[in-house]
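Overview (structure and organization)
Each chain is listed here by its residues.
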Amino acid sequence: MQIGFIGLGSMGAAMALNLVKAGHEVRAWNRSRVADDRVPGITLVPRAADAFQADAVLTMLSDDPAIREVILDADLLASARPGITHVVTSTISVAFARELELRHKEAGLSYVSAPVLGRPNVAASGQLNILAAGKADAIAAVEPLLASISKKVWTLGEDPARANAAKIACNMMIAMAIEAMAEGVVLTESVGLDRADFLELILATLFSGRAYESYSTQLTNRSFEPGFKAKLALKDMRLAAEASRQIGRTLPMLDAVREGLTKAVSAGLGEKDWSIIAAMTVRDITIATGPDRR
Ligand code: NAP
C-alpha cells in the first residue's frame, strides 16, 4: 500500500520504519529536516499535502495545536486524494477528536482515532498496543497497516473520541502509579528500607502490572531519560483535566500528578522522562520554586 506519514519524531519515525519493513511504500513529511539515513527506505516529501496523496495517511504529531496547524489550517483535507483514510495516532483531546471526525466527514474523507500505548523502543520493535475507534469500514481499511506496527489493535467502537478518552485515561493512571510508588518509597526509605527491596516486594505481591514494572526501574536506577517526555505527559494530564471538566467532574489524584508535572516542566525538566515526578517526590532532585509540597 502507498502510505503517507506526517511527523517523524521519536514515535513516528519508529512506526514509519516498521511500515516500510512490512513492505509498504511510505512517503513522509516532517517539519524539520530529517537525515535520510535516520529513515532508510522512506521517501521524504517536501510538503505535508504530499503525504495526503496516498491510500492512507498516518499522523504522529505532538498535540492538538500541531495537527490543527499542519492539517486543518493548511486545508490539507480539501486537496487530499479522494477516499483516503486518515489515522491520527497522536494523543489528542476528546473534543479535538470530535472536531476532526466532523471536518473529515465534511471533506468526504474517513477518519480513525488510533492513539498508541508504548514508548519509542516499543514502537521500534513493532509491539505497540493501538486503541482504534471510527467507522467500521474505515478501521477495516487500515487495520492491516496498524497490525503491522503493533502487537494488538483494540477496536473500541465507532465514536473516535472513545479511543482518545481511553488513551488519556491510561496515561493518567500511569502517572498516578509513578507517584504512588514514589510516595511508598518516601515512607519506607524513612525507616531505612532500601528502595530496590521495597519495589521488588510490591512488584512480586500487590502491583505486578506493566506500569509498575517499567517505572520502578527508573526509580531504582535514578535514571530519568525519556522515554516519554514530561512536557508531553503534562499535555496529557491537561487533556484529562479538560475531559473531566467537560463532564463536570474533578479528579483529585489527577490534580496531584498534574501539579507535579507542571513543576517539573516549569523548572526546565520538560525533556526528561515523566517519571521525573517520582525523583521530585523522593527528593532525588529538588526544585527551588517557592513552597513545595514535595
Ligand atoms: P516528539 O519526538 O516530540 O515528536 C513530535 C513530532 O511532532 C515531531 O515530528 C515534530 O516535528 C512534530 N511537531 C510538533 N509541533 C509541530 C508543529 N507545530 N508543526 C509541525 N510539526 C510539529 O514526540 P513523540 O514522543 O514522538 O510523541 C508524538 C505523539 O505520540 C504525542 O501525541 C505523544 O503524546 C504520543 N505518544 C508518545 C509516546 C512516547 O513514549 N514518546 C508514547 C505514546 C504516545 P519536529 O521534528 O520538526 O520537531
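Residues numbered from 1 in each chain as written. Predicted model: local features only at pLDDT ≥ 70, side-chain atom pairs only at ≥ 80, totals over all residues. Heavy atoms only, no water.

**Let's talk about the environment of isoleucine 67**
For clarity, the cut-off: Only runs of H or I of at least four residues qualify as helices and only runs of E of at least two qualify as strands under DSSP, and these elements are numbered from the N terminus. Residue contacts are defined here by distance: any two heavy atoms, one from each residue, within 4.5 Å place the two residues in contact.
Along the chain, the position of isoleucine 67 falls in helix α3 (residues 64–72). When residues no more than four places from it in sequence are discounted, the contact partners of isoleucine 67 are Thr59, Leu61, Leu72, Val88, Ser90, Ile92, Phe96 and Leu100.

**Side note on the packing of aromatic side chains**
Here a ring pair, both rings aromatic, is described through the centre-centre distance and the interplanar angle of the planes. Put simply, the rule is: To pair, rings of Phe, Tyr and Trp, with the six-membered ring standing in for Trp, must have centres within 6.5 Å; the planes then decide the type, stacked if under 30 degrees apart, edge-to-face if over 60, and tilted in the middle. Accessibility here uses a 1.4 Å probe with only protein chains present; expressed as a share of the type maximum, an area under 20% marks a residue as buried, one over 50% as exposed, and anything in between as partly exposed.
On inspection of all chains with the given rule, the structure shows 3 aromatic pairs. For the ring pair phenylalanine 207 and tyrosine 212, a centre distance of 4.8 Å and an interplane angle of 20 degrees mean the geometry is stacked. The exposure class assigned to tyrosine 212 is buried, which follows from its relative accessible area of 16%. When the centroid spacing of 5.8 Å and the interplanar angle of 80 degrees are considered together, the rings of tyrosine 215 and tryptophan 274 count as edge-to-face. Here tyrosine 215, found in helix α9 (residues 210–221), pairs with tryptophan 274, found in the loop between α11 (252–266) and α12 (276–281); they are 59 residues apart in sequence, far enough to count as distant. Residue classification places tyrosine 215 among the buried positions, given a relative accessible area of 7%. Linked through ring pairs, Tyr215, Phe228 and Trp274 together constitute an aromatic cluster.

**What about the packing of helix α8 (residues 195–204) against α9?**
In plain terms, the rule: Here, axes are lines fitted to C-alpha atoms. For helices the fit covers the stretch in contact, and angles between N-to-C directions go from 0 to 180 degrees. Each angle gets one of four labels, with under 35 degrees taken as roughly parallel, over 145 as roughly antiparallel, 65 to 115 as roughly perpendicular, and the rest as oblique. Under the grouping applied here, Gly and all other residues not named as nonpolar or charged are polar, the nonpolar ones being Ala, Val, Leu, Ile, Met, Phe, Trp, Tyr, Cys and Pro and the charged ones Asp, Glu, Lys and Arg.
Close contact between α8 and α9 brings their axes to 10 Å; oriented N to C, the two are set at 175 degrees. If you check the angle between α8 and α9, you find them roughly antiparallel. Taking contact as the criterion, the partners of Arg195, Ala196, Leu199, Ile202 and Leu203 in α8 are, on α9, Tyr212, Glu213, Ser216, Leu219 and Thr220. In the contact of α8 with α9, the residues fall into 6 nonpolar, 2 polar and 2 charged.

**Brief notes about the domain arrangement of the protein chain**
Definition in use: How far each domain reaches was decided by an automatic or database domain assignment. In this description, buried area is defined as the sum, over both parts, of the accessible area (probe of 1.4 Å) that is lost when the two are combined.
On domain assignment, one finds that the protein chain holds domain 1 (2–158) and domain 2 (164–292). Taking only C-alpha atoms, the centre of domain 1 and the centre of domain 2 are 28 Å apart. Counting from both sides, the interface comprises 20 residues of domain 1 and, opposite them, 21 residues of domain 2. Together, Thr91, Val94 and Arg119 form the three largest contributors to the area buried by domain 1 at its contact with domain 2, with a combined 39%. Considering only residue class, the side of domain 1 that touches domain 2 consists of 10 nonpolar, 6 polar and 4 charged.

**Some remarks on the site of the ligand**
Condition: Nearness here has a simple test: a residue counts as near a molecule or strand if at least one of its heavy atoms is within 4 Å of that partner. Contacts described as polar in this section are N or O atom pairs within 3.5 Å, which, within protein, must combine one atom able to donate a hydrogen with one able to accept it, while residues neighboring in sequence count only if both atoms come from side chains. Shrake-Rupley sampling with a 1.4 Å probe provides the accessible areas, and residues are treated as covered by the protein chains on show and by no other component.
Near the ligand, the surroundings consist of 27 residues, among which Ser10, Asn30, Arg31, Ser32 and Ser62 are the closest. Between the ligand and serine 62 there is a distance of 2.8 Å, counted from an oxygen atom to a backbone nitrogen or oxygen. A total of 900 Å² of accessible area belongs to the ligand in isolation, and the protein chains cover 88% of it. Where the shell around the ligand is concerned, the elements lending two or more residues are α1 (10–21), α3 and α10 (230–246). For the shell around the ligand, the class distribution of residues is 10 nonpolar, 10 polar and 7 charged.

**Quick notes on the nonpolar core**
One recurring pattern in soluble globular proteins is that nonpolar side chains are buried together. Worth spelling out the cut-off: Only buried Ala, Val, Leu, Ile, Met, Phe, Trp, Tyr and Cys residues count toward a nonpolar core, and they belong to the same one when joined by side-chain atoms within 4.5 Å.
Met237, Leu254, Leu261 and Trp274 are the most contacted members of the largest nonpolar core, which has 40 residues in total. Of all elements in the fold, only α7 (160–189), α8, α9, α10, α11 and α12 reach the threshold of two or more residues within this core. The element best represented in this core is α7, accounting for 11 residues. In terms of nonpolar packing, the next biggest core, distinct from the first, is built from 32 residues, Ala13, Val26, Val116 and Ala123 among them.

**Some thoughts on unusual backbone geometry**
At aspartate 75, a position not held by glycine, the phi torsion is positive, near 55 degrees. Relative to the helices and strands, aspartate 75 is located in the loop between α3 and β5 (85–88). Among the residues examined, aspartate 75 registers a relative accessible area of 46% and is labelled partly exposed. Notably, arginine 283 is not glycine yet its phi reads approximately 65 degrees, a positive angle. Inspection of the secondary structure puts arginine 283 in the segment after α12. A relative accessible area of 52% means that arginine 283 is categorised as exposed.

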